Every structure is written in C-alpha cells, then in structure tokens.
Amino acid sequence: MRLLLQSIADALVYLRRRRIGVPRPRIGFLGTWEALAFAALTVGLVVALMLLVDPMVPGLRLKMPAWLIIFCERITDLGFSGVVLWPLGLSLAYALVMTRVGDTVSRQIAASVAARLGFLFLAIAPIGLGVAIIKHALGRPRPHAAFMMRGPNPELTFDFFIWKSSFASFPSGHATTTFACAVAFAALFPRARTILLLLAVPVAATRVVLGSHYPSDVVAGAFLGTAFSLWMVKVFAARRLVFAVDAHGAVIPMAGPSAGRLGRLLPAALLPAPPSSTAVPAEEARQ
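Computed from a predicted structure; not experimentally measured.

Caption draft 1: Examining the packing of aromatic side chains more closely. As enumerated under the stated definition, the model contains five aromatic pairs in all. Each ring, one from F38 and one from F223, has its centre 5.9 Å from the other, and the planes form 45 degrees; the classification is tilted. Here F223 lies in helix α9 (residues 215-238) and F38 lies in helix α2 (residues 32-52), a separation of 185 residues in the sequence. Of the residues examined, F223 reaches a relative accessible area of 23% and is grouped as partly exposed. Ring centres 5.0 Å apart and planes at 80 degrees place the aromatic pair F119 and F243 in the edge-to-face group.

Here it is as structure tokens:
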C-alpha cells in the first residue's frame, strides 16, 4: 500500500511539473470565445427544457411499454460510475506499482500504460464526484418524486442541501459519467469515436424513460462530462503525455505499447509455461 501511495503521489507531481509544449493543443473549433458561446448556448437549452419539456416528464414511465422499461433497466447501469471506475482504478493501481518493480523495459511499459489509464481515470472520476455533490446540494426532486408533490411546477422546485437521493435530479450523474467516458475513450481511439458517442446517447436517455431524471438534467450532465473530459485531453496534450500535438494544434493520440509488450506486465502465473526440457520426444511417445 505504501508503494502504491508513493507511486500515485509521484505521478501527480510529475503531471503538475511537466513542461507545457508549443504549440498549445486546440480541440476542434473550440477556442476560448467559441467555448464560452457554446456554454451559453447549452445553458439556454437547459433552461428551455426546464420550462417547456420537463413538466411533461413526471409520470411518463407509467405510460411507457413494459419492454422499453425492461430494456432501459438493463442498460442504464452502464452509466454508473463504478462500472468504469473500479476496473480503471484497479488497473491503474497495478500499473503504477509496476513502474517501480521489474526491469527497465517493464517499468517503461508500465509507465506508458499508467499514463493512459491515469488520463481515463482523471477524465471521468473528478467530474462524477463533483456532480454528485452538486446535485445533492441543489435538491431538485426527481420526476418520480415530483409526480407525488402537490402544487404548481414541482419540477422547478429546488430544496437546497436536503441530501436525499430522491431530491438529487439536477444534473444527471449517469449522463455526466457516460459522456465523460465516451469522450475520453474516443480521444484515445478516434476510429471508435462515432460508435462511442452514439452509444452514450441511449444510455443517458434511459434516465428520462425510467423517471430518474428530466431531459434538462441529462443535457446538463452530458455537457459537463463532455467539457471536463475535453479539458483533461488538453491538460495531457499540452504536456505531451498520451497525446501529441501537430503544428496546427490538432491533438493526436500517441501509439501505446503493443500486445506483446503488454505481456511483460502480467504476473508470471498468468504467462504460458516454457516447454519442459524433460518432455518425452515424439519418436519415443509413438513406441
């Protein structure tokens, strides 16, 4: 445990002290002013959804066909942060420990793997934790809770710092994690970008069908997860970690270790045993 904690501390210090390269990374068309304009547009969309669409959501689950509810219940947990963060965290911990043991080549491979796993973990975990705190502090009732409330516009009620799960609707934690995860993995694997983002949409939409969130919750969570993950791409790319930056500022993922080299990180018990020198020759076996 001490070795792991020291490895984590060293990795964070290394990330903070790593020199920022030139040119600076540029994510798509998003410069500073473009990003601010996009954020303002998203806020306007969220407000419009709150006023025009969210009032129709309480009680919506009761009107949905049974097969759709069952399907949504099957896939909605893909947006649960633990589904992604536990495997990532355990893999990252193992890779960090391996950076301190073994031969030089194995340590270099482990450092390369740890950098990529660290990027994924940092692109997903902090924003998920932040949204969990924010939504409990804001205290917006979930649609199934608002459906039981009296008075006009219960969906616009905010009971601050109530700290109840049924009053933790805005923004959606599932949508935040889903889109942060999709964007982070898409940055590492650009060829799968379209598929990853298309899969994120139905997973996030299940929260509306199941009566756990309003459309405005999902849109706000998707924006936060996407924005934070893109920012983390820029943090790593600026330091030339995991990502390279071309002369125009475009971010390009660096090639990682091959499958054969990754095998050096596996415990000896998982590696195929070498041929035994005492094996019976084929000629003798046929006699």
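Caption draft 2: Molecular detail of the environment of I75. Within the secondary structure, I75 is located in helix α3 (residues 66-75). On the accessibility criterion, I75 (17% relative accessible area) is buried. Linking I75 and L92, residues 17 residues apart in sequence, is a C-alpha distance of 26 Å. Among residues more than four places away in sequence, those in contact with I75 are P202, V203 and T206.

Caption draft 3: Quick look at the nonpolar core. One finds F119, I124, M232, F236 and F243 to be the most contacted residues of the largest nonpolar core, which totals 39 residues. Listing elements by their share of this core, those giving two or more residues are α1 (2-17), α4 (81-98), α5 (104-138), α7 (173-188), α9 and β1 (243-245). The biggest single contributor to this core is α5, with 12 residues. Apart from the residues lying within four places of it in its own chain, the contact partners of M232 are F119, L122 and A123. Counting 11 residues, the second-largest nonpolar core is a separate cluster that includes A182, A200, A204 and Y214.

Analysis parameters
Residues numbered from 1 in each chain as written. Predicted model: local features only at pLDDT ≥ 70, side-chain atom pairs only at ≥ 80, totals over all residues. Heavy atoms only, no water. Phe/Tyr/Trp six-rings, centres within 6.5 Å; stacked < 30°, edge-to-face > 60°. Helix = DSSP H or I, 4+ residues; strand = E, 2+ residues; numbered from the N terminus. Buried < 20%, exposed > 50% of the residue type's maximum accessible area, 1.4 Å probe, protein only. Contact = heavy atoms within 4.5 Å. Core = buried A, V, L, I, M, F, W, Y, C linked by side-chain atoms within 4.5 Å.

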